[in-house]
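Notes for the structure review
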Amino acid sequence: MEIIKLNLARNCLKYICKAYGINKILLPYYTCPVVWNSLREESCEVKFYHIDKDFLPTEKFKKNDFILYTNYFGINSKNCKKLAKKYPNIIIDNSQGFFSEPLGLASFNSLRKFFNVQNGAYLFTSKQLEQVFEVDKIELQPVSMQEDYEKFLKNELFLDAQKQIKAISPKVEKMMNDIDFETESIKRVRIFKQYEKVLKNFNNIQLDLNIGDIPYCYPFSPNSEIIKRKLWSKNLVLLQLWKNFPKSFIESEFLNDTIALPLDNAEYAEKIIEIIN
């Protein structure tokens, strides 16, 4: 597979649609709205599917269906491998799994979800477009939700308006070359395990951290109203993934109120654990 470096993960998906001539695709209900909006911008018909508590599709697909599967929280590599063996046209959304291996027809990740960069994404594909894309020249000061929530939102709104596929910014490429990936990986796994030790018994999501998985976040769907109140009473800035499901959806049993506890700040993690304890 070739690596194509673009400006945003959502634009990697647009690139895939163009390269493979995809006009109809299956994707999970549990995904970021940006995903299906980007597909519709490419005039791609979207059909949704449900996932179960193991984060696997609840239905069987036709062998040649184009399917988008999300590597949830960066810790669903086993599911990705299982589905890639079964469906040759599966596309893996590794936006939450930067360190995960490329699988399926194509896969892509998101740099800013893991590192302190303004944007950027790596697309892994065996089919390339002949088109040469303009180099991205935007200038944003990357900031986390916890550092400056207002600025974070402004950045997100700005990026939402970037509809055009562009080549990655040279500035972002240079910053990525300076990152110590091993140190970052070790830190994320360590903080994930700290959260898990305290929160596992209060979590509706029961996923094991497999060898080699480097998580994006600790996904926490509280099964205790007391825990919920403790978290929200402290006015912490927490990212919810994504909107809650209707009670008729199987996903509502284990995914509603899911928050993504960050793994890039050890002090913040200790603060959350102290509040819950």
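Scope of this entry: the structure provided in the associated data block. Because the structure is a prediction, the values reported are computed rather than measured.

Conventions used here
- Note that residues are indexed from 1 along each chain, following the sequence as it is written.
- Restriction of local features to residues with pLDDT of at least 70 applies here, the model being predicted, together with a cutoff of 80 or more for giving and counting side-chain atom pairs; totals for whole chains, interfaces and linings are based on all residues.
- Where side-chain values are given, they derive from all heavy atoms of the structure, hydrogens and water being excluded.
- Residues are called lining when one of their atoms sits within 4 Å of a cavity or pocket point, these points coming from a 1 Å grid over the protein atoms alone, where a cavity is a set in which a 1.4 Å probe fits but cannot get out and a pocket is an open set with protein on both sides within 12 Å along at least five of seven lines.
- Grid points are joined across faces, edges and corners, and a volume is the space filled by probe spheres set on the points.
- Each helix is a run of DSSP H or I of at least 4 residues and each strand a run of E of at least 2, with the numbering of both proceeding from the N terminus.
- Ten residues, namely Ala, Val, Leu, Ile, Met, Phe, Trp, Tyr, Cys and Pro, are considered nonpolar, four, namely Asp, Glu, Lys and Arg, are considered charged, and the remaining ones, Gly among them, are considered polar.
- Only protein chains enter the accessibility calculation, which uses a 1.4 Å probe. A residue is then buried if its area is under 20% of the maximum for its type, exposed if over 50%, and partly exposed in between.
- Strands are treated as partners if at least two bridges between them are detected by DSSP.
- Convention used here: a crossover is right-handed provided that the path from the first strand, over the helix, to the second strand proceeds clockwise when the strands point away from the viewer.
- Note: the arc covers the axis-to-C-beta directions of the helix.
- For this analysis, residues touch if any pair of their heavy atoms sits within 4.5 Å.
- The definition of a nonpolar core used throughout is a set of buried Ala, Val, Leu, Ile, Met, Phe, Trp, Tyr and Cys residues joined through side-chain atoms within 4.5 Å.
- Whether two aromatic rings pair depends on their centres lying within 6.5 Å, for rings of Phe, Tyr and Trp, where Trp uses its six-membered ring; planes under 30 degrees apart make the pair stacked, over 60 edge-to-face, and the rest tilted.
- A side-chain nitrogen of Lys or Arg and a carboxyl oxygen of Asp or Glu constitute a salt bridge if their distance falls within 4 Å.

Evaluation of the coordinates by the stated rule reveals 2 cavities of 30 Å³ or more. Approximately 60 Å³ is the volume attributed to the largest cavity. Contributing to the lining of the largest cavity are Ile75, Phe192, Glu196, Lys200, Asn203, Ile205, Gln206, Leu207, Tyr218 and Pro219. When residues of the lining of the largest cavity are traced back to their parent elements, those giving at least two are α6 (181-199) and β8 (217-220). The residue inventory of the lining of the largest cavity, partitioned by class, reads 6 nonpolar, 2 polar and 2 charged. Approximately 30 Å³ is the volume found for the second largest cavity. The element contributing the most residues to the lining of the second largest cavity is strand β6 (residues 106-109), with 3 residues. Here the residues of the lining of the second largest cavity are counted per class, giving 4 nonpolar, 5 polar and no charged.

The subject of this paragraph is the pairing of strand β5 (residues 90-94). Consecutive residues of a regular strand have side chains that alternate between opposite faces of the sheet. Within β5, 5 of the 5 residues are buried, which leaves the element mostly enclosed by the surrounding structure. Along β5, one buried face is formed by Ile90, Ile92 and Asn94 and the opposite face, lined by Ile91 and Asp93, is buried too. Two elements, strand β4 (residues 67-70) and β5, share 4 bridges in a ladder whose sense is parallel. Looking at the pairing, Leu68 lines up with Ile91 of β5. Taken together, β4, helix α3 (residues 77-86) and β5 constitute a β-α-β crossover, and its handedness is right-handed. Where β5 and β6 come together, 4 bridges link them in parallel fashion. By the bridge assignment, Ile91 is partnered in β6 with Ala106.

On to helix α2 (residues 33-41), then. Within α2 the residues assigned to the buried category are Val35, Trp36, Ser38 and Leu39. What you see down the axis of α2 is that its buried residues fit within an arc of 155 degrees, all on one side. Here the buried face of α2 lies against α1 (9-20), β2 (24-28), β3 (45-49), β4 and β5. Phi for Ser43, located one or two positions after α2, is positive at around 60 degrees.

Of all the 5 residues making up β2, 4 are buried; the element is thus mostly covered by neighbouring parts of the structure. Of the pairings in the sheet, the one linking β2 to β3 comprises 5 bridges and is parallel in character. Across the sheet, Pro28 pairs through a bridge with Tyr49, a residue of β3. For the segment spanning β2, α2 and β3, crossover handedness is right-handed.

This part takes up the nonpolar core. General note: in soluble globular proteins, nonpolar side chains tend to be found buried as a group. Grouped together as the largest cluster of nonpolar side chains are 59 residues, with contacts concentrated most on Tyr30, Phe55, Phe73 and Tyr195. Ranked by residue count, the leading element in this core is helix α9 (residues 266-276), at 6 residues. Ignoring anything within four residues of it in the chain, the contact list for Phe55 reads Tyr30, Tyr69, Tyr72, Phe73, Asn76, Asn79, Ile205, Leu207, Phe254 and Leu255.

Attention now moves to the packing of aromatic side chains. One pass over the structure, following the stated rule, counts 28 aromatic pairs. Note on Tyr29 and Phe48: the rings are 5.1 Å apart at their centroids and 20 degrees apart in plane angle, and the pair reads as stacked. Of the two residues, Tyr29 is situated in the loop between β2 and α2 and Phe48 in strand β3; the sequence distance between them amounts to 19 residues. You can call Tyr29 partly exposed: its relative accessible area is 30%. Ring centres of Phe114 and Phe115 lie 6.1 Å apart, and the angle between their planes is 45 degrees; on these two criteria the pair is classed as tilted. The same class applies to Phe114 and to Phe115, which are both buried.

Moving on, we come to the pattern of salt bridges. The final tally for this structure, using the stated rule, is 17 salt bridges. We note a salt bridge from Lys163 to Glu41, for which the minimum N-O separation is 3.0 Å. Residue Lys163 is found in the loop between α4 (149-160) and α5 (170-177), and its partner Glu41 is found in helix α2; the two are separated by 122 residues along the sequence. The exposure class of Lys163 is partly exposed, given its relative accessible area of 46%.

Turning to the environment of Glu274, a few remarks are in order. Looking at where Glu274 falls in the secondary structure, it is placed in helix α9. For Glu274, a relative accessible area of 63% puts it in the exposed group. Between the C-alpha atom of Glu274 and that of Val198, which follows or precedes it by 76 residues, the distance is 9.7 Å.

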